[in-house]
Amino acid sequence: MVMAGRPGVQVASAPIAAVDVVGLGGAFAAALVRATLRAPWRGPQGPLRNVAVASTRELIRSLMGYMTSLPIDEFRALERVLDDISRLVLPPFVKAQQVQMESGCVGDVPGLWFRPEHDSSQGTIVYLHGGGYIGTSPGMYALFMAHLSRVTHCEVFAADYRLAPEFPYPAATDDIVDVLCDLQSTGKPLFIAGDSGGGGLAGSVLNACAVRGIPLPAAAILFSPEVSLVLDEPSITENAALDVLPWNVPTSPYLHGFDPNDPAVSMLHQDIGAWPPTFLVYGSDEIMRDSIRAFAELLEKTGGLHESHEVPDMFHVFPFLLPWAHESREVYRQVGAFVASVIERA
């Protein structure tokens, strides 16, 4: 269920959504023109690879900028259109990964299950999609979830948690705590994973579990997590031209007046000494690079079974956006090895 399908969520009419789709097409066209004018063949890799990366950067940046410029009812209507397209287009690619996808509900939270077709699932991953706490859906992540299920030999539940501004903090945290509590009885090793805002949400959930005395998952897997909502590090401006994220990432719809330095929403202010083994990966070209580096240093100081990777010349959540890139394939290999090691110790 996307946010547009939830009771009480305002959604623009179909004619207005159609106009917004046309506007998005125009934004994409302009993005490709801009990419051409910026000599996209130049870069750290070969010309074809550089063009693909530059085009991806411009298209994603235009998508985010265009959608966040819309009124919330139009944002939700366009989000539903993109989710419908994803659910139509992506299932054959999921099937090609030899992964089954089906709708489900855990702890009264809807979502999508991804399970290896020919392997018995060795563990369960609760995945929290990105989108800055305000957008996207599990359906849009289908191909990425299929990759993750295949390389880890785990079943993956992509939770369709509540989003801001309709449901600001702590709605999403409460949703995922309920999911984890419901899955504790399965007997399989339980992982929590997420990217971008979903990675930040994973930190909030771990903090909430620790505060409430709820058993923590066996491990955490974080792709470019939004570890801090302050967004005042030098990399915000230094990498503004390199990353897919806009320099003015919105955080107020989610925080809704809540202190961004509170441990409940800031991984940099949490007591992570008791965190489970954590896999962390991010790119050197991210606007959030500095805050993620600070978090990686905190993980290292705990001395736990943590694994951290900063990948050169990569932007935000590149394993999701560049699934064909050799850097992404290497990340999938590393994640698979990490999950296998955690399951072996369980």
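Residues numbered from 1 in each chain as written. Predicted model: local features only at pLDDT ≥ 70, side-chain atom pairs only at ≥ 80, totals over all residues. Heavy atoms only, no water.

Asks: Hey, could you go over a nonpolar patch on the surface for me, with residue numbers and the actual values?
Replies: Among the surface-exposed residues, Ile85, Leu88, Val89 and Phe93 lie close enough to one another that they form a single nonpolar patch of about 410 Å² accessible area. Per-element accounting of the nonpolar patch gives the leading share, 3 residues, to helix 3 (residues 72–89). The residue Leu88 is located in helix 3 in this model. Leu88 sits in the exposed class, given a relative accessible area of 69%. (Patch = residues over 30% accessible without salt bridge, like charges linked within 9 Å, V, L, I, M, F, W, Y side chains within 5 Å. Areas by Shrake-Rupley, 256 points an atom, 1.4 Å probe, with all protein chains shown as cover. Salt bridge = Lys/Arg side-chain N within 4 Å of Asp/Glu carboxyl O. Helix = DSSP H or I, 4+ residues; strand = E, 2+ residues; numbered from the N terminus. Buried < 20%, exposed > 50% of the residue type's maximum accessible area, 1.4 Å probe, protein only.)

Asks: How would you sum up helix 3? Please name residues and give values.
Replies: The terminal C-alpha atoms of helix 3 lie 26 Å apart, and with 18 residues this matches the ideal 26 Å at 1.5 Å per residue to within 8%. As for helix 3, its buried residues are in contact with helix 1 (14–37), helix 2 (47–68) and helix 4 (91–96). (Expected span 1.5 Å × (residues − 1). Contact = heavy atoms within 4.5 Å.)

Asks: Residues and numbers for the packing of helix 2 against helix 3, please.
Replies: Where helix 2 contacts helix 3, the axes come no closer than 9 Å and their chain directions differ by 140°. For the pair helix 2 and helix 3, the contacting residues are Leu63, Tyr66, Met67 and Thr68 in the first and Phe75, Leu78, Glu79 and Leu82 in the second. Broken down by class, the residue content of the contact of helix 2 with helix 3 amounts to 6 nonpolar, 1 polar and 1 charged. (Axes fitted to C-alpha atoms, helices over the stretch in contact; angles between N-to-C directions. Nonpolar A, V, L, I, M, F, W, Y, C, P; charged D, E, K, R; others polar.)

Asks: Tell me about the sheet that holds strand 5 (residues 190–195), and please be specific about residues and values.
Replies: Strands sit in the order 1-2-4-3-5-6-7-8 across an open sheet of 8 strands; the sheet is mixed. With partners counted over all chains shown, the strands left at the sheet margins are strand 1 (99–106) and strand 8 (307–311), one partner each. Strand-to-strand twist of the sheet, defined as the mean angle between neighbouring strand axes without regard to direction, takes the value 20°. Note that strand 7 (residues 278–283) and strand 8 share 5 bridges and pair parallel. In the sheet register, Tyr282 faces strand 8, and the bridge partner there is Glu310. In the packing of helix 12 (residues 326–345) onto the sheet, contacts are made with strand 5, strand 6 (219–223), strand 7 and strand 8, and the angle to strand 6 comes to roughly 170°. (Pairing = 2+ DSSP bridges.)

Asks: Before we move on, could you go through the packing of aromatic side chains and cite the residues and values that matter?
Replies: What the rule picks out here adds up to 14 aromatic pairs. Linked through ring pairs, Tyr127, Tyr141, Phe144, Phe223, Phe320 and Tyr332 together constitute an aromatic cluster. Taking the ring centre of Trp113 as reference, the NZ or CZ of Arg115 above it sits at 4.3 Å. (Phe/Tyr/Trp six-rings, centres within 6.5 Å; stacked < 30°, edge-to-face > 60°. Lys NZ or Arg CZ within 6 Å of the ring centre and 35° of its normal.)

Asks: Explain the layout of surface pockets to me, using residue names and the numbers behind them.
Replies: Empty space within the largest pocket amounts to approximately 1200 Å³. In this structure, the largest pocket is lined by 46 residues; those nearest its centre are Ile60, Leu63, Thr136, Phe320 and Leu321. Elements supplying a minimum of two residues to the lining of the largest pocket: helix 1, helix 2, helix 3, helix 5 (142–152) and helix 11 (318–321). Of all the elements, helix 3 adds the most residues to the lining of the largest pocket, at 8 residues. Class assignment of the residues belonging to the lining of the largest pocket gives a composition of 31 nonpolar, 12 polar and 3 charged. In terms of lining, the second largest pocket is formed by 22 residues, of which the most central are Arg42, Asn50, Val53, Ala54 and Arg57. A per-element tally of the lining of the second largest pocket places helix 2 first, with 7 residues. For the lining of the second largest pocket, the per-class residue count stands at 10 nonpolar, 3 polar and 9 charged. (1 Å grid on protein atoms, 1.4 Å probe; cavity = no way out; pocket = protein on both sides within 12 Å on 5 of 7 lines; lining within 4 Å. Points joined across faces, edges and corners; volume = space filled by probe spheres on them.)

Note that all results are geometric; they support no functional claim without further evidence.
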